[in-house]
Every structure is written in structure tokens, then in C-alpha cells.
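A closer look at the structure
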Amino acid sequence: MMKDNIEIILRKNGLKVTKPRVEIYKFLKSTYSHPTVEEIFSNVKQTIDKISYATVYNVLNDFIEKGLVKEVSTSEDAKRYDGHIEPHVHLICKVCGKIEDLYIDLSDVEKEIKETGFKVEDIALNVYGICKDCQSKAHHSIKSK
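A brief look at the structure comes next.

All right, on to the pattern of salt bridges then. Going through the model one piece at a time under the given rule, you end up with nine salt bridges. Taking the shortest distance from any N to any O, the salt bridge between aspartate 122 and lysine 70 comes out at 2.8 Å. Here lysine 70 lies in strand β1 (residues 70–72) and aspartate 122 lies in the loop between α5 (107–115) and β5 (125–129), a separation of 52 residues in the sequence. A salt bridge links aspartate 133 to lysine 98; the shortest N-O distance between them is 3.5 Å. In this pair, aspartate 133 sits in helix α6 (residues 132–143) while lysine 98 sits in the loop between β3 (89–93) and β4 (99–102), placing the two residues 35 residues apart along the sequence. Exposure remark for aspartate 133: the relative accessible area of 46% places this residue in the partly exposed category. Linked through salt bridges whose partners overlap, the residues forming this network are Lys98, Glu100 and Asp133.

Before going further, it helps to spend a moment on unusual backbone geometry. Residues other than glycine seldom take positive phi values, yet histidine 34 does so here, at roughly 55 degrees. Along the polypeptide, histidine 34 turns up in the loop between α2 (19–30) and α3 (37–44). The class of histidine 34 is buried, set by a relative accessible area of 1%.

Running from N to C, α2 and helix α4 (residues 53–66) point in directions that differ by 70 degrees, and their axes come no closer than 10 Å. Judged by the inter-axis angle, α2 sits roughly perpendicular to α4. Once α2 is placed against α4, the crossing between them reads as right-handed. From α2, Pro20, Arg21, Ile24, Tyr25 and Leu28 reach across to α4, where they touch Thr55, Val56, Val59, Leu60, Asp62 and Phe63.

Judged by pairing direction, the sheet is mixed, and its three strands sit side by side in the order β4-β3-β5 without closing on themselves. Here the strands that pair on one side only, and so sit at the sheet edges, are β4 and β5. On average, each strand axis in the sheet is tilted by 25 degrees relative to the strand beside it, whichever way the strands run. The pairing of β3 with β4 spans four bridges and is antiparallel. By the bridge assignment, valine 89 is partnered in β4 with leucine 102.

Attention now goes to the side chain of arginine 80. Inspection of the secondary structure assignment puts arginine 80 in strand β2 (residues 80–82). Judged by its relative accessible area of 13%, arginine 80 falls in the buried class. A distance of 2.8 Å separates a polar side-chain atom of arginine 80 from the backbone oxygen of histidine 34. With residues near it in sequence (within four places) discarded, arginine 80 still touches Ser33, His34, Pro35, Thr36, Glu39, Lys70, Glu71, Val72, Gly97 and Ile99.

Rules of the game
- In this numbering scheme, every chain counts its residues from 1 along its sequence in written order.
- Only residues with pLDDT of at least 70 get local features here, since the model is predicted, and only at 80 or more are side-chain atom pairs given and counted; chain-wide, interface and lining totals rely on the full set of residues.
- Water and hydrogen atoms were dropped before computing side-chain values, which therefore reflect all heavy atoms in the structure.
- We define a salt bridge as a side-chain nitrogen of Lys or Arg found within 4 Å of a carboxyl oxygen belonging to Asp or Glu.
- A run of DSSP states H or I qualifies as a helix once it reaches four residues; a run of E qualifies as a strand once it reaches two. Both are numbered from the N-terminal end.
- Exposed residues in this analysis have more than 50% of their type's maximum accessible area, buried residues have under 20%, and partly exposed residues fall in between, with area computed by a 1.4 Å probe over protein chains only.
- Note on geometry: axes are C-alpha line fits, over the in-contact stretch for helices, and angles between N-to-C directions span 0 to 180 degrees.
- For this classification, under 35 degrees means roughly parallel, over 145 means roughly antiparallel, 65 to 115 means roughly perpendicular, and everything else is oblique.
- Whether a crossing is left-handed or right-handed is set by the direction in which the near helix is turned from the far one by less than a right angle, anticlockwise for left-handed and clockwise for right-handed.
- Whether two residues are in contact is decided by their heavy atoms: any pair within 4.5 Å suffices.
- Strand pairing is assigned whenever DSSP identifies at least 2 bridges connecting the two strands.
- Two N or O atoms form a polar contact when they lie within 3.5 Å of each other; inside protein one atom must be a possible hydrogen donor and the other a possible acceptor, and for residues adjacent in sequence the pair counts only when both atoms belong to side chains.

Here is the structure:
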């Protein structure tokens, strides 16, 4: 994502353009790993030497408040952050903690919910289970015993 586009997005959302905001947003839009604060900090520290954890937290809070980033909470993990805000499903592995995105049409789900009279503001769907890699490892460890 080009720096100019990020600056336009920040301004449109009433946020001052700062180097930490630009770098954090650029990183979150470039990854599908749903990074933790620590992972965001260590990535951005490569380009901004004097960044602090407090700055990263503040920027993330601003982004969440403006709807630019979503917070993903897993059952036992630290909070993770997603720069891809279009509706999608998170497949969360209970073994390794990996989060994968699944883009499917959620309009039927939203329609069903609205029919109950509930006013939908956002849909965050988390599905918990075991990823292919962890299933494969478990299968191999059982075989090798």
C-alpha cells in the first residue's frame, strides 16, 4: 500500500499523519498473520528506532476507534490485530494459535440475525478447531510411537 494512500485514509478518518501511524497501518495491511502488539512493535521498530510500546498501543486504539483495524481475541492468546476489516471468518487453531482468514459470503448470517430484530453493527465470526498442520503433526506423532 502506497504511503500517499495511507495518508489520505488517515486524514479522512480525522487522524493526524505521523510516521508511527503510517508504518503501523502499512504493516497491518500487508500481513494476514493477525500480529500481537509485540509483533507489531518489533516490525515497526525496524523503521522507527525510537518507537515505544505506548505509541503502538495508542495508535492501535485510534485505529480501532476509527474502524481501520479490528481486534481479534482468541480464547487463551494475547489480543491480535487485523488490518483487513471487510467481513470474514477467523479460523483459530486451539493448538498453535494460528489465525487464518476465510472469506465467505456472510450476508445470509446477517439477514438471519436482522430478522430477529437485532441491529447488526459488526460481525466477527471466530471458528475454533485444529489447523491442518497441527492435525498432521498429531497424526505423525501417533504413528511414530
